[in-house]
Amino acid sequence: MNSALLNPLEYRLLNDFQRDFPLCSDPWAQLGQQLQAPGELIRTTLHRLCHTGLVSRVGAVFAPNRLGASTLAAMAVPETRLAEVAALVSSYPGINHNYQREHRYNLWFVASSRDQTRLAQLLAELGQRTGCPPIALPLEEEFHIDLGFDLARGTRHRPPPGPPSGAPRTYLTPADWALVTALHEGLPWVARPYHALAQRCGLSEHQVLARLAAWQGNRLMRRFGVIVQHRPLGYRANGMAVWALPPAEASRLGPQLAACEGVHLCYRRRPAPDWPYTLYAMLHGQARDEVEARHQALSLHCELTDYPSALLFSTTCFKQCGARYEAPREPALCL
């Protein structure tokens with residue numbers, strides 16, 4: 001479904017509330033006041049869009065590696081076994097994105113676990129069970145991570161900067177972790193969704209709202225809002241652009257690349273022995289040639305043409321959901 005086929009209310013809900021969703025007892029009514037529509041219509045419309053696959057959920061996106069350990073990983077899978085291996089990888093709760101991409105490394109996924117030791121065990125188990133050892137490409141430096149963008153132009157939202165390096169640390173209590181777990185599936189489709197979340201985790205509605213506001217303030221939670229599914233809305237040409245730069249050069253040029261329009265994710269990752277790429281940018285478009293042209297223009301603009309580069313288009317989405325976070329055995333210090 002192209003976003004142009006949405007009715008005005010649907011479009012506003014999907015486009016305007018990917019972040020800063022109301023944190024109040026009746027968010028549907030508050031949205032209704034803003035959109036001049038009954039609150040019940042807001043709730044049922046979003047529920048229907050979720051049921052039809054245009055919305056993943058209304059909920060939280062947490063900052064990477066602040067609630068555990070995670071990494072991008074890739075496997076080189078024989079084409080004849082791709083569906084089988086992808087299904088096995090997707091069956092693990094710790095896998096929240098799993099895509100086929102056009103490369104010898106053709107299966108790409110994000111793996112998360114309680115800590116680095118458990119994450120390494122997860123990757124080792126996947127390699128043992130599939131016979132396709134994954135390469136791990138952990139995040140080393142973030143330049144821009146925010147998946148919200150304007151549905152009409154494909155331009156991205158520009159979030160405020162993260163907390164300074166000396167910002168206070170936050171401990172997550174058992175009740176906090178219960179709330180994180182309750183948020184995995186997003187807001188319940190009930191009249192008072194935060195009250196329903198509170199009942200699940202032994203908190204009051206006021207405590208839930210206060211925690212969510214605090215997590216937004218310290219950027220533990222990157223955004224809270226409507227999580228749209230980009231492919232069903234017409235953004236089917238999704239390319240992962242990578243460049244092989246020395247780490248220092250990637251750190252120098254990464255912010256310049258991240259500032260460019262049309263870059264929805266940008267970060268530096270650790271290379272692997274036969275994967276030299278360190279600088280990454282995700283480019284989303286409605287047509288392949290549009291994304292290819294953007295990749296070339298970005299390389300020229302950011303003086304990246306002298307470095308080896310590749311553009312890997314995703315062809316099949318095997319799994320896409322929010323990350324599942326697991327509480328640590330000891331009280332968690334959230335950096």
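Residues numbered from 1 in each chain as written. Predicted model: local features only at pLDDT ≥ 70, side-chain atom pairs only at ≥ 80, totals over all residues. Heavy atoms only, no water.

*Asks:* Mind laying out the overall build of the chain, listing which residues take part and the relevant values?
*Replies:* Looking only at helices and strands, the chain has 10 helices and 13 strands in total. With 335 residues in all, the chain has 54% of them scored as buried. Pairs at least 24 residues apart make up 76% of the contacts formed inside the chain by residues separated by at least 6 positions. When the accessible surface of the chain is summed, it comes to about 14900 Å², and 54% of that surface belongs to carbon and sulfur atoms. (Helix = DSSP H or I, 4+ residues; strand = E, 2+ residues; numbered from the N terminus. Buried < 20%, exposed > 50% of the residue type's maximum accessible area, 1.4 Å probe, protein only. Contact = heavy atoms within 4.5 Å. Areas by Shrake-Rupley, 256 points an atom, 1.4 Å probe, with all protein chains shown as cover.)

*Asks:* Which residues make up the packing of aromatic side chains, and what values do they have?
*Replies:* Going through the model one piece at a time under the given rule, you end up with 10 aromatic pairs. Grouped by ring-pair contacts, the aromatic residues Phe21, Trp28, Trp189, Tyr194 and Phe224 constitute a single cluster. For the cation-ring pair, Arg101 lies above Tyr99, with the distance from its terminal atom to the ring centre recorded as 5.6 Å. Sitting over the ring of Tyr280, Arg269 keeps its end group 5.9 Å from the ring centre. (Phe/Tyr/Trp six-rings, centres within 6.5 Å; stacked < 30°, edge-to-face > 60°. Lys NZ or Arg CZ within 6 Å of the ring centre and 35° of its normal.)

*Asks:* Run through the nonpolar core, naming residues and quoting values.
*Replies:* Grouped together as the largest cluster of nonpolar side chains are 44 residues, with contacts concentrated most on Phe21, Phe62 and Trp215. Contributions of two or more residues to this core are made by α1 (8-16), α2 (27-35), α3 (39-51), β1 (55-62), α6 (174-182), α7 (193-201), α8 (205-217) and β8 (221-228). (Core = buried A, V, L, I, M, F, W, Y, C linked by side-chain atoms within 4.5 Å.)

*Asks:* Tell me about unusual backbone geometry, and name the residues and values.
*Replies:* One non-glycine residue, Asp20, lies in the positive phi region at around 55 degrees. Within the secondary structure, Asp20 sits in the loop between α1 and α2.

*Asks:* Give a detailed account of the confidence of the model for the chain, specifying residues and quantitative values.
*Replies:* Here the chain averages 88 in pLDDT, while 89% of its residues score no lower than 70. This stretch, residues 160-169, has a pLDDT under 50; its non-local contacts, to residues over four places away or in other chains, come to 8 contacts. (pLDDT = per-residue confidence, 0-100.)

*Asks:* Talk me through the pairing of strand β4 (residues 107-113); I want residue IDs and the actual numbers.
*Replies:* Of all 7 residues in β4, 6 are buried, a share of seventy percent or more. In this structure, strand β2 (residues 69-75) lies alongside β4, joined through 7 bridges in antiparallel fashion. Counterpart to Ala69 in the pairing with β4 is Ser113. The hairpin formed by strand β3 (residues 95-101) and β4 contains 5 residues between the paired strands. (Pairing = 2+ DSSP bridges.)

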